[in-house]
Amino acid sequence: MKCPFCGGTESRVKDSRDIGDAIHRRRECEHCKGRFSTYERVEKFSLMVIKQDQRREAFDRQKLYAGIRKACEKRPLPAGEIEKAVEEIEQELYRFGKQEIPSNVIGELVMEHLRQMDKIAYIRFASVYRSFGDVETMFEEIQKLLNREKPDANSLHQFIEDSDAETYSPGDV
Ligand SMILES: [Zn+2]
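Since the model is a prediction, treat every value here as computed from it, not as a measurement.

Peer 1: Teacher, can you tell me more about the sheet that holds strand S6 (residues 100-102) here?
Peer 2: What links the strands of a sheet is backbone hydrogen bonding, and the strands pair in either a parallel or an antiparallel sense. Taken in spatial order, the 3 strands line up as S5-S4-S6 in an open sheet, and their pairing is mixed. Whereas interior strands pair on both sides, the edge strands pair on one side only; in this sheet they are strand S5 (56-58) and S6. The average undirected angle you get between the axes of adjacent strands in this sheet is 35 degrees. Inspection of the sheet shows strand S4 (residues 48-50) paired to S5 by 3 bridges, in the antiparallel sense. Residue Val49 lies in a different strand from S5, and its bridge partner there is Glu57.

Rendered as structure tokens:
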């Protein structure tokens, strides 16, 4: 640990405090007596998603959010409900304690949450998910859609049509 004033490498810890998500240490440089602080934090590992074709992608909270939001489009959900679902799903993923998560685990979690949130959103999501078979790929296509790019997959049009339709019969699925 280099002193920010003189670059000296020897310092003494004068005070150490737990501040919740980190340990704060006050140090004094042995060489110039300059004082500085260091913080020690647990390193959050980044989650990787294993897609169906075995490729890995970094877990992307934004993508998850966009996917759920798309399924819930025009549904009468209380504000903050989608954010809450995303947060819970993310926590559940970290709680597995694994660095790599198969994408179908994420798909299942999303369905579980949607089922409790809104029946129509759940059915929409489930039918599109079923045709993709891979939730990561599905999220990528949804993102293209939101960026107003042309989606590659035809099955996504179902999403667009469903959210535009005024009535929706679950029996159609
Ligand atoms: Zn120094």
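Back to the write-up after that little detour.
Peer 1: Would you mind showing me how to read the packing of helix H4 (residues 119-132) against helix H5 (residues 135-146) here?
Peer 2: Think of two packed helices as two axes; the pair is described by the angle between the axes and how far apart they sit. Where H4 meets H5, the axes come as close as 8 Å, and the angle between the chain directions of the two elements is 110 degrees. Taken together, the axis directions place H4 and H5 in an arrangement best described as roughly perpendicular. In terms of crossing hand, the pair formed by H4 and H5 is right-handed. Counting all contacts with H4, which are made through Val128, Tyr129 and Phe132, the residues of H5 involved are Val135, Thr137 and Met138.

Peer 1: Hey, could you run me through the pairing of strand S2 (residues 22-29) in this one?
Peer 2: A regular strand places its side chains on the two faces of the sheet in alternate fashion. Two strands pair when backbone bridges link them, and strand S1 (residues 11-18) and S2 are joined in this way by 7 bridges, in the antiparallel orientation. Among the inter-strand pairings, Ser16 is bridged to a residue of S2, identified as Arg25. Linking two consecutive strands that pair antiparallel, namely S1 and S2, is a turn of 3 residues; a positive phi of about 95 degrees is found at Gly20 within it. One ladder, built from 7 bridges, connects S2 with strand S3 (residues 35-41); its direction is antiparallel. Note that in S3 the partner of Ile23 across the bridge is Glu40. In textbook terms, the turn of a hairpin is the stretch between consecutive antiparallel strands, and for S2 and S3 this stretch comprises 5 residues, one of which, Lys33, has a positive phi near 65 degrees.

What counts and what doesn't
Residues numbered from 1 in each chain as written. Predicted model: local features only at pLDDT ≥ 70, side-chain atom pairs only at ≥ 80, totals over all residues. Pairing = 2+ DSSP bridges. Helix = DSSP H or I, 4+ residues; strand = E, 2+ residues; numbered from the N terminus. Axes fitted to C-alpha atoms, helices over the stretch in contact; angles between N-to-C directions. Parallel < 35°, antiparallel > 145°, perpendicular 65-115°, else oblique. Left-handed = near helix turned anticlockwise from the far one by under 90°. Contact = placed C-beta atoms within 7 Å.

The analysis is restricted to geometry; functional conclusions fall outside its scope.
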